[in-house]
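Architecture and fold: a report
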Amino acid sequence: MSARAIFTRPARLAAIVPYLWMVLFFLVPFGFVMKISLSQTAIAQPPYTPAFDLTAGLAAIGDALAALSLDNFRLLISDDLYLLSYLRSLFVAVVSTGILLLIGYPIAYGMARLPRRWQGIAMMLVIVPFWTSFLIRIYAWINILQHDGLLNRVLLALHLVSQPVVWLSTESAMYLGIIYSYLPFMILPLYATLAKMDRALEEAAADLGASPFKVFWLVTFPLSLPGVAAGVLLCFIPIVGEFVIPDLLAGSNALMIGQTLWLEFFTNKDWPVASAAAVFLLVLLLIPLLVYDRLQRRQFEEVK
Amino acid sequence: MMAEELARTHDETEPGAPAAELGKPESSLPDAVGMPLLRIEGVVKAFGGVRAVDGVSLDIRAGEFLALLGPSGCGKTTLLRMLAGFETPDEGRMLLNGRDIAQVLPHERPVNMMFQNYALFPHLSVRDNIAFGLKRAGLSRAEIKDRVAEMVALVKLKGLEKRRPDQLSGGQRQRVALARSLARCPQLLLLDEPLAALDKKLRESTQAELMEVQRRLGMTFIIVTHDQDEAMTVADRIGVMNAGRLAQLATPRQLYEAPRSRWIAEFVGDINVFEGKIEARETSRLTVATRDAGTLAVVEPRDAIGKANVAVAIRPEKLKLSRQGPAVDVASAHAVNRLEGVISDVSYLGGTTSYKVKLDSGAVVRASMSNTTRLDVDAYGLGQRVVVWFTPDDCVMLDQ
Ligand SMILES: Nc1ncnc2c1ncn2[C@@H]1O[C@H](COP(=O)(O)OP(=O)(O)O)[C@@H](O)[C@H]1O
Ligand SMILES: [Mg+2]
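Read on for an overview of the structure. (Residues numbered from 1 in each chain as written. Chains lettered and ligands numbered in written order. Predicted model: local features only at pLDDT ≥ 70, side-chain atom pairs only at ≥ 80, totals over all residues. Heavy atoms only, no water.)

Quick look at the overall build of chain A now. Each helix and strand in chain A was counted, giving 14 helices and 2 strands. Compactness check: chain A gives a C-alpha radius of gyration of 25 Å against a globular reference of 19 Å for 304 residues, more than 25% above the reference. The dimensions of chain A, computed from C-alpha atoms along their principal axes, are 80 × 80 × 35 Å. The buried share of chain A, reckoned over its 304 residues, is 35%. Of the contacts made within chain A by residues no fewer than 6 positions apart, 71% connect residues no fewer than 24 positions apart. Accessible area for chain A stands at about 18000 Å²; split by element, carbon and sulfur atoms hold 73% of it. (Helix = DSSP H or I, 4+ residues; strand = E, 2+ residues; numbered from the N terminus. Rg over C-alpha atoms; globule rule 2.2 N^0.38 Å. Buried < 20%, exposed > 50% of the residue type's maximum accessible area, 1.4 Å probe, protein only. Contact = heavy atoms within 4.5 Å. Areas by Shrake-Rupley, 256 points an atom, 1.4 Å probe, with all protein chains shown as cover.)

Structure representation (structure tokens):
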């Protein structure tokens, strides 16, 4: 056996693994969801029709295919419950991502400017919260924010307020929870970009007469844009689909799409509509990814 | 005495006899008039207790091309970075036109730097890179446009204005960096190993261009390099640095022919060193008893040497070789400093041939000879017995 064959076969197998993974754990389940989204709800087990029965013969399968329809998607568009949920999700994601960027950038910048030996420690501090389960940390926030929670007790003790303030089940509590949870995902890609940036570029800008602000605005920031894009995507996409944080920390008057989905699926047992909403959400989230991909490709072509 | 006459003849036949230049006190500025453009006074910079720059003082005249030469880690970049404003000196002053700039921020100094790896802005075109400093200076659009065009023409980059740095070759990038740092017409331009990344041929042609640009614009350049050929080629004066100190500041000729210490003599170029003791002092002539080369006659150095233990140093090209045997030539027969030995190594280098001669004392000396003819009639073979001789004037006397 030639050396080439020895090396290429495992290499090829290794290259297949991610595709296999995607097919098995993304494409196949997505096919199920897609199929359910085209079905009708029913009081049955499973709670929709038609159900494919592969043993029933070709004719039955043909009938089942004919029974599929886009009714659920029409419902999504016609009922503004869904539209409002989507809009609220987008709004919350845009606002939170904006705040995350505003908070995360200075932190990442500061970390990248620390002496080398402190940078590792700072990085640890950013990652340390992951050692505790996300849910436990959100429950901890409930504890802090509730009527007789830590925050109100401190405020009362300092005589900053005379009455306990309502924190829990408010918009502020939800944003606090989202920003707290997603901050590491904003900081880490920004830090990675800023830390590997050549400091000589900033010195060159200063040398050519740029004030510290101009150095940042004309050199540091534009060169950190790939990190900004990565951080924004990493936060924006999961926040749009966020369920746990708004469910536990926000009031119940306006729902994000994740909550609506949950409601349809578990409370209303309307799997087909829930599936249609999920498919639509996925398509919606593909847009920023495609834009990002386009930008990267353009940059790559410019280099060539 | 014949040998003395010979020695004198030798001096006279050498074009541009060094005697006058070598006799000058070297630290004074050539044609110094009034205030120097830049005066560095006792500048010290330590990093965590280690003195990277340790009490450097020097003056630079406007329009001068100065090279800082030294081994890696000797503090050249640190000194340059202090001049650019990226490091603050712990001690000392740096006067630019009489004003202390030690505390002036980098963006407010009339000094520009060309960075070692060019530090071109990767997100900006060639034009925008060159225009960067001009925009900060608040020039009008039209002025910027004219100046950029001028710079692009100066460094021969016409037609590449719209390219990004990563679409350029190493040589082209180097030119953009030069144009960018020249665009603001700095009073002082600092160049940190500007040619290190270029291959030999390109480096040599770029050296010539650098000198041409410097002369044409009448600017003051300080170039940092660890390449002594480069320093000698481009600079009016060379400052040799060793372990944070300025070991010698002199013209290339002074540095090579009259190094101030053994370290400098051995760092700049090749040299043979014989350690010994001063035995006798005549008028302008010392006799030194050496371990490896017997008794040598040496001219008395300008700065009298106090110690009796000295080193006599001589450059390989100043050693002459002659055949031994019945037809001993007149010159070698009467030479004052005359050694005998066997050729132990021959390296043909094109323009010159480098020989190693194993002396009868066992010591090995290096001699190099110009290949003035195409055929190897003058060449010596391995194992051949030769006479090695040299004049007292060609020796340099140094502390051990
Ligand atoms: N920012 C710094 N922090 C710590 N040590 C430094 C720093 N910059 C330079 N040094 C040290 O100072 C010495 C001189 O460095 P440098 O000026 O870069 O030398 P050169 O340019 O002559 O090679 C070296 O020993 C280097 O390790
Ligand atoms: Mg250096």
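On we go.
Another aspect to go through is the pattern of salt bridges. Residue and element names in this part refer to chain B. Under the defined criterion, the tally for this structure stands at 31 salt bridges over all chains. Among the ionic pairs, Arg51 bridges to Glu91, the shortest N-O distance being 3.6 Å. In this pair, Arg51 is assigned in strand E2 (residues 50–60) and Glu91 in strand E4 (residues 91–96), connecting sequence segments 40 residues apart. By relative accessible area, Arg51 is classed as partly exposed at 41%. The class of Glu91 is partly exposed, set by a relative accessible area of 41%. We note a salt bridge from Arg237 to Glu64, for which the minimum N-O separation is 2.4 Å. (Salt bridge = Lys/Arg side-chain N within 4 Å of Asp/Glu carboxyl O.)

Another point: the environment of Ile314(B). All names here are of chain B. Here Ile314 is to be found in strand E14 (residues 309–314). Taking C-alpha positions, Ile314 is 9.6 Å from Arg366, a pair spaced 52 residues apart along the chain. In contact with Ile314, other than residues within four places in its own chain, are Ile271, Asn272, Phe274, Leu319, Phe390, Asp394 and Cys395.

Next up on the list: the sheet that holds strand E8 (residues 220–225) of chain B. Residue and element names in this part refer to chain B. Across the sheet, which stays open at both edges, the 6 strands sit in the order E6-E7-E8-E3-E9-E10 with mixed pairing between neighbours. If you trace the sheet from one side to the other, it starts and ends with strand E6 (111–114) and strand E10 (245–250), each paired once. On average, adjacent strands in this sheet sit at an angle of 20 degrees to one another, irrespective of strand direction. Examined bridge by bridge, strand E3 (residues 65–69) and E8 share 5 bridges and lie parallel to one another. Opposite Phe65, over in E8, you have Phe221 as the bridge partner. Most of the contacts of helix H3 (residues 76–84) go to strand E7 (residues 188–192), to which it runs at about 150 degrees, and overall it touches E3, E6, E7, E8 and strand E9 (237–242). (Pairing = 2+ DSSP bridges. Axes fitted to C-alpha atoms, helices over the stretch in contact; angles between N-to-C directions.)

This part covers a nonpolar patch on the surface. Residue and element names in this part refer to chain A. On the surface, Trp21, Met22, Val23, Leu24, Phe25, Phe26, Leu27, Val28 and Phe32 cluster together to form a nonpolar patch covering roughly 940 Å² of accessible area. In this structure, Met22 sits in helix H1 (residues 3–37). A relative accessible area of 45% means that Met22 is categorised as partly exposed. (Patch = residues over 30% accessible without salt bridge, like charges linked within 9 Å, V, L, I, M, F, W, Y side chains within 5 Å.)

Let us look at the site of ligand 1. All names here are of chain B. Inspection of the region around ligand 1 gives Phe47, Ala52, Pro71, Ser72, Gly73, Cys74, Gly75, Lys76, Thr77 and Thr78 as its neighbouring residues. Between an oxygen atom of ligand 1 and a main-chain N or O atom of Lys76, the distance comes to 2.9 Å. The side chain of Thr77 places a nitrogen or oxygen atom 2.6 Å from an oxygen atom of ligand 1. Here ligand 1, which alone exposes 560 Å², has 56% of that area covered by the protein. For the shell around ligand 1, the leading source of residues is H3, giving 3 residues. Of the residues that constitute the shell around ligand 1, the class distribution is 4 nonpolar, 5 polar and 1 charged. (Near = heavy atom within 4 Å. Polar contact = N/O pair within 3.5 Å; in protein donor to acceptor, adjacent residues only side chain to side chain. Nonpolar A, V, L, I, M, F, W, Y, C, P; charged D, E, K, R; others polar.)

Opposite the 19 residues of chain A that make contact, chain B presents 22 residues. Taking both sides of the interface into account, the surface hidden between chain A and chain B amounts to around 1800 Å²; carbon and sulfur atoms contribute 63%. Interface area lost by chain A to chain B is led by Glu203(A), Asp207(A) and Leu208(A), which between them contribute 38%. On the surface where chain A and chain B come into contact, there are 1 salt bridge. (Buried area = accessible area lost by both parts, 1.4 Å probe.)

Attention now goes to the environment of Phe134(A). Residues and elements named next belong to chain A. Mapped onto the elements of the fold, Phe134 is located in helix H6 (residues 134–145). Note on Phe134: relative accessible area 27%, which makes it partly exposed. Excluding its chain neighbours within four sequence positions, the residues that come into contact with Phe134 are Ser181, Glu242, Val244 and Ile245.

Right, let's get into the side chain of Gln207(B). For Gln207(B), the position within the fold is in helix H7 (residues 200–217). Contact partners of Gln207(B), with chain neighbours within four places excluded, come to Leu195(B), Glu230(B), Thr233(B) and Val234(B).

On to helix H3 (residues 71–78) of chain A. All names here are of chain A. Those residues of H3 lying buried are Asn72, Phe73 and Leu76. Considered in projection along H3, the buried side chains sweep an arc of 100 degrees and stay on one side of the axis. Pointing more than 90 degrees away from the buried face of H3 are the exposed residues Arg74, Ile77 and Ser78. (Arc of directions from axis to C-beta.)

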